[in-house]
Amino acid sequence: MADLGIANQSIQDDIEYYRTRRFGHVSERWDLDQHDIDIPSLTVQVFTMNEGDSLLHPVSGTIVAGYFADVLDGYPKIRLTGGDTQVAGFEAAFRTARTSNADFFIILGFSESERTFRARARLYLARTGTLLADYSVERTGNDRIRDSLLRLGSNVNELLPIRGVLLEKRFDRGVIDLGLLHGLKEKDTLLIVKAGKVALRTDKVGFALQDADVVGKITLDAVDEAVAEGVLEKKSFYDYISVGDEVVILTDEETQKRFQEKETATTSRLLEELVDLK
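Calculation notes
Residues numbered from 1 in each chain as written. Predicted model: local features only at pLDDT ≥ 70, side-chain atom pairs only at ≥ 80, totals over all residues. Heavy atoms only, no water. Pairing = 2+ DSSP bridges. Helix = DSSP H or I, 4+ residues; strand = E, 2+ residues; numbered from the N terminus. Axes fitted to C-alpha atoms, helices over the stretch in contact; angles between N-to-C directions. Contact = heavy atoms within 4.5 Å. Buried < 20%, exposed > 50% of the residue type's maximum accessible area, 1.4 Å probe, protein only. Salt bridge = Lys/Arg side-chain N within 4 Å of Asp/Glu carboxyl O. Core = buried A, V, L, I, M, F, W, Y, C linked by side-chain atoms within 4.5 Å. Expected span 1.5 Å × (residues − 1). Arc of directions from axis to C-beta. Parallel < 35°, antiparallel > 145°, perpendicular 65-115°, else oblique. Left-handed = near helix turned anticlockwise from the far one by under 90°. Nonpolar A, V, L, I, M, F, W, Y, C, P; charged D, E, K, R; others polar.

## Regarding the sheet that holds strand β3 (residues 104-112)
Here is step 1: A sheet is described by the order of its strands in space; here five strands give the open sequence β2-β1-β3-β4-β5, paired in mixed fashion. Among the strands making up the open sheet, the edge pair consists of β2 (78-80) and β5 (131-140). For this sheet, the mean angle separating the axes of adjacent strands, direction not counted, is 30°.
Here is step 2: Of the strand pairs in this sheet, strand β4 (residues 116-125) and β5 are connected by nine bridges, and their pairing is antiparallel. When the bridges of β5 are listed, L123 appears paired with A133.
Here is step 3: Against the sheet, helix α3 (residues 61-73) touches β1 (42-48), β2, β3 and β4, its axis set at about 165° to β1.

## So, the pairing of strand β12 (residues 228-234)
Here is step 1: Of the pairings in the sheet, the one linking strand β7 (residues 173-176) to β12 comprises four bridges and is antiparallel in character. Looking at the pairing, I176 lines up with A228 of β12.
Here is step 2: Alignment of strand β11 (residues 214-223) against β12, held across seven bridges, turns out to be antiparallel. Note that in β12 the partner of V223 across the bridge is A228.
Here is step 3: Linking β11 to β12, which pair antiparallel, is a turn of four residues.

## Observations regarding the pairing of β3
Here is step 1: Counting buried positions along β3 gives eight out of nine residues, so the element sits mostly inside the fold.
Here is step 2: Of the strand pairs in this sheet, β1 and β3 are connected by five bridges, and their pairing is parallel. Within β3, the position partnered with V44 by the bridge is F104.
Here is step 3: With nine bridges connecting them, β3 and β4 associate as antiparallel partners. Each residue of the ladder has a partner; that of F105, found in β4, is Y124.
Here is step 4: The turn linking β3 back onto β4 is made up of three residues.

## Some points on the pattern of salt bridges
Where charged atoms of side chains with opposite charge meet at close range, the side chains can pair.
Here is step 1: In total, this model carries 14 salt bridges according to the counting rule given.
Here is step 2: Between R29 and E229 there is a salt bridge; the shortest N-O distance is 2.4 Å. Of the two residues, R29 is situated in helix α2 (residues 26-29) and E229 in strand β12; the sequence distance between them amounts to 200 residues.
Here is step 3: For R29, a relative accessible area of 41% puts it in the partly exposed group.

## Observations regarding the nonpolar core
Here is step 1: Counting 36 residues, the largest nonpolar core has F68, L72, F104, I106, L108, F110 and L160 as the members making the most contacts within it.
Here is step 2: Taken together, the elements giving at least two residues each to this core come down to β1, α3, β2, β3, β4, β5, α5 (144-159) and β8 (189-193).
Here is step 3: Each residue touching L72, except ones within four places of it in the same chain, is listed here: V44, V46, I78, L80, I106, G153 and V156.

## Regarding the sheet that holds β8
Here is step 1: In spatial order, the strands read β6-β7-β12-β11-β8-β13; together these six strands close into a barrel with antiparallel pairing. Within the sheet, the average angular offset between the axes of one strand and its neighbour, ignoring direction, is 40°.
Here is step 2: Sheet topology places β8 next to strand β13 (residues 246-248); three bridges connect them, and they run antiparallel. The residue of β13 that forms the bridge with I192 is V247.

## Quick word on α3
Each α-helix winds once per 3.6 residues, and so residues spaced three or four apart point in a common direction.
Here is step 1: The terminal C-alpha atoms of α3 lie 18 Å apart, and with 13 residues this matches the ideal 18 Å at 1.5 Å per residue to within 8%.
Here is step 2: Residues G61, V64, A65, F68, A69, V71 and L72 constitute the buried set of α3. Buried positions in α3, seen along its axis, are confined to an arc of 155° and lie on one side of it. For α3, the exposed residues lying more than 90 degrees away from the buried face are I63 and D70.
Here is step 3: Looking at the buried side of α3, the elements it contacts are β1, β2, β3, β4 and α5.

## Overview of the side chain of H182
Here is step 1: Relative to the helices and strands, H182 resides in the loop between β7 and β8.
Here is step 2: With residues up to four places along the chain from it excluded, the contact list for H182 reads I39, P76, I162, D177, E225 and A226.

## Focus: helix α4 (residues 90-99)
Here is step 1: Of all the residues in α4, the buried ones are A92, A93, F94 and A97.
Here is step 2: Considering only its buried residues, α4 is in contact with β1 and β3.
Here is step 3: Directly after α4, the chain includes N101, whose backbone phi takes a positive value near 60°.

## Observations regarding the packing of α3 against α5
Here is step 1: At a minimum axis separation of 9 Å, α3 and α5 run at an interaxial angle of 45°. Classified by the angle their axes make, α3 and α5 are oblique. Crossing of α3 against α5: the hand is right-handed. Within the contact between the two elements, α3 uses V64, Y67, F68, V71 and L72 and α5 uses I145, R146, L149, L150, L152, G153 and V156.
Here is step 2: Taken together, the residues of the contact of α3 with α5 sort by class into ten nonpolar, one polar and one charged.

Have a look at this one:
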């Protein structure tokens, strides 16, 4: 503002107030704009088959599907692919989703009476066409369409897994691009996996990863809205943790099991050599 020749004490006071409120936060310590960070997203394509719907307004299925897509688009970990939402059947939806390189696709179904509205979402893995989940929500009242779609969107968001990235590393501390908005809290532990080695499972919703690709873990001790920091712990004798590696949220039991799968052959040999040198 000063460079533009604008001097407003009230605005300057407000800027200083918000800067003070940020002092001591993770984003301030690491000099990050936490609200300008895009987390790795899952691509989802939404379809509807109007001939299978039972709506009072027969051509409204596409419009309602578009509204549902807007609901999903509001979640940071979901990215919607474009294209026509109306398809002739499952085969067409599967083919389109695979061609679009989507991770998942959803086929919607709607039914309504004069006082009720019911929405159904079937979630499929785009790579194989496997049905992963089937949700159905019914609501009444004046806002029944909106309430049904919001609840349905929330169900899908809660089901889909989330992953982040190690943004920076300083010795045994690191910061990731996930925070309170993503359900994290202090003392949570996340696995650190080599970049590009996290894939989607084919049998159920979740991530597939090889134990050999796990390089460490991070235990959080400070969490902001969209970023968090914590203590890094390497998995093997050498520190293979690098900026850009992916972090995944697993249950405490899964995290501990994965982390305890040490690189036994290499590590044991190195330790034996170190003992011999003493």
